[in-house]
Amino acid sequence: MRDTEGDRPLIWIDGAMLPRSQAKISVFDHGLLYGDGCFEGIRAYGGRIFKCRSHIDRLYRSADKIRLEIPYSKDEIDRVMRECLKANDIKDGYIRLVVTRGVGTLGLHPFRCPRPGVICIADSISLYPPEMYETGMPIIVAKRPRIPVDCLDPRIKSLNYLNNILAKIEAIDAGVLEALMLNKQGEVCECTGDNVFAVKNGAIATPDSESGLLEGITRRFVIDLCKKLGLPIEERILRLEDVTGADEVFLTGTAAEIIAVKSIDGNPVGDGKGEGPITRRLREGFREVLAQGAPED
Ligand code: PMP
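Conventions we followed
- Residues numbered from 1 in each chain as written.
- Predicted model: local features only at pLDDT ≥ 70, side-chain atom pairs only at ≥ 80, totals over all residues.
- Heavy atoms only, no water.
- Helix = DSSP H or I, 4+ residues; strand = E, 2+ residues; numbered from the N terminus.
- Buried < 20%, exposed > 50% of the residue type's maximum accessible area, 1.4 Å probe, protein only.
- Areas by Shrake-Rupley, 256 points an atom, 1.4 Å probe, with all protein chains shown as cover.
- Near = heavy atom within 4 Å.
- Polar contact = N/O pair within 3.5 Å; in protein donor to acceptor, adjacent residues only side chain to side chain.
- Core = buried A, V, L, I, M, F, W, Y, C linked by side-chain atoms within 4.5 Å.
- Contact = heavy atoms within 4.5 Å.
- Salt bridge = Lys/Arg side-chain N within 4 Å of Asp/Glu carboxyl O.
- Patch = residues over 30% accessible without salt bridge, like charges linked within 9 Å, V, L, I, M, F, W, Y side chains within 5 Å.
- Pairing = 2+ DSSP bridges.
- Axes fitted to C-alpha atoms, helices over the stretch in contact; angles between N-to-C directions.

Asks: So, the overall build of the protein: which residues are in play, and what are the values?
Replies: Scanning the protein for helices and strands turns up 8 helices and 15 strands. Structurally, the protein occupies a C-alpha span of about 55 × 40 × 35 Å along its principal axes. Every one of the 297 residues in the protein was classed for burial, and the buried ones make up 52%. Accessible surface, the protein as shown: approximately 13,800 Å² in total, 53% of it carbon and sulfur.

Below, the structure written as structure tokens:
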């Protein structure tokens, strides 16, 4: 998709579709200066935008929680994403929607930034090596807890990802790509960029929203898929032992989709022989839904 002149992908910024080399923001943008803003990562499959409405709704919810008023309607944002896919001839790809506080002074004051900045990037993505979907991926448990809800609610998909990035560095230092994050009570929350599910004796569980996590769109889709397939699914508090002692563990996320966990801190999950039957059933179920046309609700 990229070309040598740096023109591709074309990027939409504040109403203009610009070549990549010209798609720039001000050094005074509070998105850069303070991580003040919010974003979404969205996938397109076969030219349809997977769970488009849910992502747009979450973006507006995040913006609302940080008192940021997006200067476009939801329908306009929807159109911008489709325009970006079309302009770059992308049918299967990844969309990054970013809303920044906008250009302001060097002080923190968010309301001295007169107009939020809106950016839409459509490109390709591949998060984990394809073979990991068969073998499962090794992860660790991060020492650093997930930021508490009353400090910065993880339901806000904000531009401030340092809590996750520092846990991701723990993972990278340990030679793996993901880290499981616990909350301050020691309960399981989520991974640095993915939600987590555990399967024990055929029963599936995932931490409830109160645990302090980003309510993933893929997480919700998988919960609904479990119900559709008649698989028992529960949202509840998960202790670390529920995950380390599970038969299967898998992660969900827009970029990751559904991926099995092979080991935690070097200890095998289940028989440690790669993707388990429930994870496989769900991954196939996900593909079957997409083959019928990705749902855009
Ligand atoms: N948790 C965190 C911290 C994330 O950043 C993400 C998205 N990358 C997820 C969970 C998964 O959310 P979604 O399924 O909406 O992509």
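Asks: Any details on the site of the ligand? Residues and values, ideally.
Replies: Lining the immediate surroundings of the ligand are 16 residues, of which Y161, E190, I217, T218 and T254 lie closest. Contact between the ligand and K157: an oxygen atom at 3.4 Å from a side-chain N or O atom of the residue. At a separation of 2.7 Å, an oxygen atom of the ligand approaches a polar backbone atom of I217. Mapped onto the shell around the ligand, the elements with two or more residues apiece are α6 (217–228) and β13 (248–253).

Asks: I'd like to hear about the nonpolar core, residue by residue, with values.
Replies: Counting 27 residues, the largest nonpolar core has I77, M81, I95 and C120 as the members making the most contacts within it. Elements supplying a minimum of two residues to this core: β3 (37–45), α2 (52–65), α3 (74–87), β5 (93–100) and β6 (117–123). Those residues within four positions of I77 in sequence are excluded, and the remaining contacts are I56, Y60, I70, Y72, L97 and V118. Among the nonpolar cores identified, the runner-up in size contains 23 residues, and V243, A246, V249 and A256 belong to it.

Asks: So what's going on with the pattern of salt bridges? Which residues, and what values?
Replies: Per the counting criterion, the structure on display carries 22 salt bridges. The partner of R236 in a salt bridge is E234, with the nearest N and O atoms 3.4 Å apart. The partly exposed category is assigned to R236, whose relative accessible area is 29%. Notably, a salt bridge pairs R239 with E241, separated by 3.4 Å at the nearest N-O pair. Linked by salt bridges that have partners in common, E234, R236, R239, E241 and D242 make up one network.

Asks: How would you summarise a nonpolar patch on the surface if you had to cite specific residues and measurements?
Replies: Among the surface-exposed residues, I25, V27, F28, L32, L33, Y34, V103, L106 and L108 lie close enough to one another that they form a single nonpolar patch of about 830 Å² accessible area. Topologically, V27 is positioned in the loop between β2 (16–18) and α1 (30–34).

Asks: Outline the sheet that holds β3, supporting the account with residue identities and numerical values.
Replies: Each strand in a sheet pairs with its neighbour through backbone hydrogen bonds, running either in the same direction (parallel) or in the opposite one (antiparallel). In spatial order, the strands read β2-β1-β6-β5-β3-β4; together these 6 strands make up an open sheet with antiparallel pairing. Each edge of the open sheet carries a strand with a single partner, namely β2 and β4 (48–49). Pairing analysis gives 2 bridges linking strand β1 (residues 11–13) to β6, with the strands arranged antiparallel. Each residue of the ladder has a partner; that of W12, found in β6, is C120. α2 contacts β3, β4 and β5 of the sheet and is inclined by roughly 175° relative to β3.

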